[in-house]
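Summary of structural features
Spelled out, the chains give:
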Amino acid sequence: FVYQVGDGDDHNTWSSPESQTTLDRIAYVTSSDNPATDQVSISAAALTLDYLNFGDKASLDYAKKLFDYAKSFNNKKCCNNNALIDNNGQFMYNSTSWADDYCMAAALLYKATNDAGYMTEFNSAKSNADGKFNIYAWLSWDDVSALADYYGTNNADSLLACANNMN
C-alpha cells in the first residue's frame, strides 16, 4: 500500500505535484516492518464513507480489503517511523496513534455491513494500550478517537469529552 509520495522538498515549492518536475518523488509503502496501520485504516474508513454516502460497491469492497490488510499485521503501528522528515528534521505528518484510525474503519465497516467481526475489532483496538485510543485528544487529522468512538458506540459522550477538552 503506497501511503505517501514525496518528502520535505515538496514543502519548499507551492505548486501542483505534476509541475514539480525537478524533484525526485519518493514513494513510501507499507511492509511487515512498517505496516502503517493508521494510513491503511483511515483509507479504508474514507472508502467506507464513500460507500455509505454514494453506494459505490467497489469502494466498500476495497475498504474491506484494506481493513483485512491492516488487521493482518499483529504488530500494528503508525507510519511515523518511516523517513517522512521535512528539511528541519521534523516529521512532516507525525502520527501519534494507530487505534483511532483502525477503530474508525472498523466502526464504519460495521455500519456498512452489519458484520459483528468489525465491532469485535473496534472493541479490541479501543482497549489496546499500545494503540493510544484517546477520546480526550483534540479532534484533528492526527487523532479521530472521539469521532471513531461516536460511530462505534452511537453515543455522543466521547464527542462531548473531546469538545470539553478542546475548550
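These notes cover the structure that comes with them. (Residues numbered from 1 in each chain as written. Predicted model: local features only at pLDDT ≥ 70, side-chain atom pairs only at ≥ 80, totals over all residues. Heavy atoms only, no water.)

Notes on the side chain of Asp 143
Topologically, Asp 143 is positioned in the loop between helix H4 (116–126) and helix H5 (145–153). No salt bridge is formed by the buried Asp 143. Its closest oppositely charged neighbour is Lys 132, at 9.6 Å. Among the polar contacts listed, one links the side chain of Asp 143 to the side chain of Ser 145, at a separation of 2.6 Å. Once residues within four sequence positions are removed from consideration, Asp 143 is found in contact with Ser 97, Asp 100, Lys 132, Asn 134, Ala 137 and Trp 138. (Helix = DSSP H or I, 4+ residues; strand = E, 2+ residues; numbered from the N terminus. Buried < 20%, exposed > 50% of the residue type's maximum accessible area, 1.4 Å probe, protein only. Lys, Arg positive; Asp, Glu negative; His and termini not counted. Salt bridge = Lys/Arg side-chain N within 4 Å of Asp/Glu carboxyl O. Polar contact = N/O pair within 3.5 Å; in protein donor to acceptor, adjacent residues only side chain to side chain. Contact = heavy atoms within 4.5 Å.)

Some details on H4
By the burial criterion, the buried members of H4 are Tyr 118, Met 119, Glu 121, Phe 122 and Ala 125. End-on, the buried residues of H4 take up no more than an arc of 160°, which puts them together on one face. Every exposed residue of H4 that faces more than 90 degrees away from the buried side is listed here: Ala 116 and Thr 120. Turning to H4, the residues buried within the fold contact helix H2 (57–72), helix H3 (99–113) and H5. For H4, the N-terminal capping position is held by Asp 115, with its side-chain oxygen 2.8 Å away from the main-chain nitrogen of Gly 117. (Arc of directions from axis to C-beta.)

Structural notes on unusual backbone geometry
Phi is positive for Asn 114, close to 60°, though the residue is something other than glycine. Examined against the element boundaries, Asn 114 turns out to sit in the loop between H3 and H4. One non-glycine residue with positive phi stands out, namely Lys 132, at about 60°. For Lys 132, the position within the fold is in the loop between H4 and H5. Exposure remark for Lys 132: the relative accessible area of 52% places this residue in the exposed category.

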